[in-house]
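# Structure assessment
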Amino acid sequence: SPPMLTFDQLTARLTIHNPIPPIVVLDGVKDPRNLGAIIRSAAAFDIGGVMMPERRAVGITATVAKAAAGGLEHVAVAEVTNISQSLERLKRLGFWIVGADAQAEDSCRAFAFPTPLTLVFGGEEAGISPLVKRHCDALVSIPVHGQLRSLNVAVAAAVLFYEVVGRELRQHVASVEPIPETSSL
């Protein structure tokens, strides 16, 4: 798999693009299958990169690479020493920091995601830590209607990637002329 990047390498790689693609910051994701699935979804939705802590989280293992199903070839991954400091550095670069939180008042459906965007996801058990939450500009929830009120972090990430990137795709598709139906006689 490609080498791990530093904060500076990842941000330098992304900020040359216009528009700047979203960055994902993971605050304590420990399950390698979840990390791999997040990277795979990030590749599918053209997320620019993933940042994760050097310690107290899963690294890039064979299990992660397998679950990412090729995503590591398309999504840059950086390890950082301190998530809170990295979020503040991203803010200084102009990024808006939006955290995923099941208890948040704002629904991702109605939320106007700003750009450039950093999406923050917490660990499997506790979600985003209180300290990291304080560095978020906004928190959004994913509305669920079933008996179970929470989503796996990798599923939540994919839903938000679709919400952010999918809006542009849906608007583009809606503006394209429909293909006239032809008879198959």
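In this report, we go over the structure that sits alongside the text. Remember, predicted model here, so these are calculated numbers, not experimental data.

## As for helix α2 (residues 32-44)
Across its 13 residues, α2 extends 18 Å between first and last C-alpha, which sits within 8% of the 18 Å expected from 1.5 Å per residue. Buried residues of α2: Asn-34, Leu-35, Gly-36, Ile-38, Ile-39, Ser-41 and Ala-42, and no others. Near the N-terminus of α2, the side chain that reaches the backbone nitrogen of Arg-33, with its oxygen 2.7 Å away, is that of Asp-31. Phi for Asp-46, located one or two positions after α2, is positive at around 60°.

## Looking at the environment of Phe-121
Its location among the elements puts Phe-121 in strand β6 (residues 117-122). For the pair Phe-121 and Ala-157, spaced 36 residues apart in the sequence, the C-alpha separation amounts to 7.3 Å. Ignoring sequence-local partners within four residues, the contact set of Phe-121 consists of Val-24, Val-25, Leu-26, Asp-27, Ala-100, Ile-128, Val-153, Ala-156, Ala-157, Leu-160 and Phe-161.

## Examining the side chain of Ser-84
Summarising the element assignment, Ser-84 is placed in helix α4 (residues 83-92). Among the residues examined, Ser-84 registers a relative accessible area of 9% and is labelled buried. Excluding anything up to four places from it in sequence, Ser-84 contacts Leu-131, Val-132 and His-135.

## Considering the layout of surface pockets
Approximately 550 Å³ is the volume found for the largest pocket. Around the largest pocket, the lining comprises 25 residues; the ones closest to its centre are Ala-100, Asp-101, Ala-102, Ser-150 and Leu-151. Looking at the lining of the largest pocket, the elements that each hand over two or more residues are β6, β7 (138-141) and α6 (153-175). Class assignment for the residues of the lining of the largest pocket results in 12 nonpolar, 8 polar and 5 charged.

## Quick notes on the sheet that holds β6
What the 7 strands build is an open sheet, ordered β3-β2-β1-β6-β4-β7-β5; its pairing is parallel. Strand pairing shows two members of the sheet lacking a second neighbour, β3 (76-80) and β5 (106-107), which therefore form its edges. Here helix α1 (residues 7-15) sits on the sheet in contact with β1 (23-27), β2 (49-53) and β3, set at roughly 165° to β2.

## Quick notes on the nonpolar core
One finds Leu-26, Ile-38, Phe-113, Leu-119, Phe-121, Leu-160 and Phe-161 to be the most contacted residues of the largest nonpolar core, which totals 31 residues. In terms of residues, this core owes the most to one element, α6, which gives 8 residues. When sequence neighbours within four positions are dropped, the list of residues in contact with Ile-38 reads Leu-26, Val-29, Val-153, Ala-154, Ala-157 and Phe-161. Ala-78, Ile-97, Val-120 and Ile-128 belong to the second-largest nonpolar core, a separate cluster that totals 19 residues.

## Thoughts on the environment of Asp-101
Position of Asp-101 among the secondary structure elements: in the loop between β4 (96-100) and β5. The exposure class assigned to Asp-101 is buried, which follows from its relative accessible area of 12%. Linking Asp-101 and Ala-138, residues 37 residues apart in sequence, is a C-alpha distance of 9.8 Å. Not counting the four nearest positions on each side in its chain, Asp-101 is found in contact with Lys-133, Leu-139, Val-140 and Ser-141.

Rules behind the numbers
Positions within a chain are numbered from 1, following the residues in the order the chain's sequence is written. Whole-chain, interface and lining totals are the exception, using all residues; otherwise, since this is a predicted model, local features are given only for residues with pLDDT of at least 70 and side-chain atom pairs are given and counted only at 80 or more. Each side-chain value is worked out from all heavy atoms of the structure, with water and hydrogens disregarded. Strands here are runs of E lasting at least two residues and helices are runs of H or I lasting at least four, both read from the DSSP assignment and numbered beginning at the N terminus. Helix span, as expected, comes to 1.5 Å for every residue beyond the first. For every residue, the accessible area (1.4 Å probe, protein chains only) is compared with the maximum for its type, and the residue is labelled buried under 20%, exposed over 50%, or partly exposed between those bounds. As used in this structure description, the phrase polar contact means that two N or O atoms lie within 3.5 Å; if the pair is within protein, one of them must be able to donate a hydrogen and the other to accept it, and residues adjacent in sequence are counted only when both atoms belong to side chains. Whether two residues are in contact is decided by their heavy atoms, any of which lying within 4.5 Å being enough. Lining residues are those with an atom within 4 Å of a point, where the points come from a 1 Å grid over the protein atoms alone and group into cavities, where a 1.4 Å probe fits but cannot get out, or pockets, open sets with protein on both sides within 12 Å along at least five of seven lines. Grid points are joined across faces, edges and corners, and a volume is the space filled by probe spheres set on the points. Gly is put with the polar residues, along with every residue not named as nonpolar or charged; the nonpolar set is Ala, Val, Leu, Ile, Met, Phe, Trp, Tyr, Cys and Pro, and the charged set is Asp, Glu, Lys and Arg. Only strands that DSSP links by at least two bridges are regarded as paired with each other. Note on geometry: axes are C-alpha line fits, over the in-contact stretch for helices, and angles between N-to-C directions span 0 to 180 degrees. Think of a nonpolar core as a cluster: buried Ala, Val, Leu, Ile, Met, Phe, Trp, Tyr and Cys residues, connected wherever their side-chain atoms sit within 4.5 Å.

Worth remembering: the numbers are spatial, not functional.
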